[in-house]
Amino acid sequence: MIDLLAICAFNAAYGNAIDSDALEDWPNFFTPNCHYRVTHIENEREGLPTGLIYADSRAMLEDRITSLRLANIYERQRYRHLLGVPDVESADDTSAVARTAFMVARIMATGETLLFATGVYHDRFVTLGGRLLLAKRVVVCDSTVTDTLLALPL
């Protein structure tokens, strides 16, 4: 059974991978045919499929990280994730649906720290090869205003 503790541990490792700049590990939290989207609350309420970031495979997530490392030009920054306790809506031996509130602080190279994003993860987890993975993560940000420096994954 996929349980609350497993999802909490998963989310902690997920946030740590991003926060510690182990971005090459980030796609490995997803199934090969995953769905990852960053959107805001109004788009989600309206059922609009658009996203600030959109990927429908692990390969697309890998490409995003390669682009961040080699091609994109952006002000260097890092994140610190603060994650709530997941609200597990359903779970069995092979899948789970959960929502987890998040806050992300952004730390700039200058040391300036600010609250960058708040919202909720809408997740569908599956077990694959004995591992818990994300089949779907929709990152729903509370604010409809998004900083142009959304470079790193949330």
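Residues numbered from 1 in each chain as written. Predicted model: local features only at pLDDT ≥ 70, side-chain atom pairs only at ≥ 80, totals over all residues. Heavy atoms only, no water.

The protein chain goes by Terephthalate 1,2-dioxygenase in an unreviewed UniProt entry, where it is assigned to Rhodoferax sediminis. The UniProt entry for the protein chain carries the following comment under Sequence similarities (unreviewed entry): "Belongs to the bacterial ring-hydroxylating dioxygenase beta subunit family." (UniProt positions renumbered as here; feature names shortened; annotations may be inferred.)

Things to note about the overall build of the protein chain
Looking only at helices and strands, the protein chain has 3 helices and 7 strands in total. Along the protein chain, helices and strands appear, N-terminal first, in the series α-β-α-β-α-β-β-β-β-β. Since a compact globule built from 154 residues should have a radius of gyration of about 15 Å, the 15 Å found for the protein chain is in line with a globular shape. Projected onto its principal axes, the C-alpha positions of the protein chain cover 45 × 30 × 25 Å. Taking all 154 residues of the protein chain together, the buried fraction comes to 43%. For the protein chain, the proportion of contacts with a sequence separation of at least 24, taken over those separated by at least 6, is 60%. (Helix = DSSP H or I, 4+ residues; strand = E, 2+ residues; numbered from the N terminus. Rg over C-alpha atoms; globule rule 2.2 N^0.38 Å. Buried < 20%, exposed > 50% of the residue type's maximum accessible area, 1.4 Å probe, protein only. Contact = heavy atoms within 4.5 Å.)

Focus on the UniProt feature "domain: SnoaL-like" (unreviewed entry) in the protein chain
Mapped onto the present numbering, the UniProt feature "domain: SnoaL-like" (unreviewed entry) falls on residues 3–137. Between the end C-alpha atoms of residues 3–137 the distance is 17 Å, and the span holds 26% helix and 47% strand.

With respect to unusual backbone geometry
Its identity is not glycine, yet Asp 21 carries a phi of approximately 65°, on the positive side. Within the secondary structure layout, Asp 21 lies in the loop between helix 1 (4–19) and strand 1 (30–40).

Focus: the environment of Pro 27
Topologically, Pro 27 is positioned in the loop between helix 1 and strand 1. A relative accessible area of 1% means that Pro 27 is categorised as buried. Sequence separation between Pro 27 and Ala 17 is 10 residues; the distance between their C-alpha atoms is 9.9 Å.

Here we look at the pairing of strand 5 (residues 95–108)
Here 7 bridges tie strand 3 (residues 77–83) to strand 5, and the two strands are oriented antiparallel to one another. The residue of strand 5 that forms the bridge with Tyr 79 is Arg 106. One ladder, built from 4 bridges, connects strand 4 (residues 87–91) with strand 5; its direction is antiparallel. In the strand pairing of strand 5, Ser 90 is matched with Val 97. Hairpin connection of strand 4 to strand 5: 3 residues between the antiparallel strands. Counting the residues that bridge the hairpin from strand 5 to strand 6 (residues 113–128) gives 4 residues, and of these Gly 111 lies at a positive phi of roughly 100°. (Pairing = 2+ DSSP bridges.)

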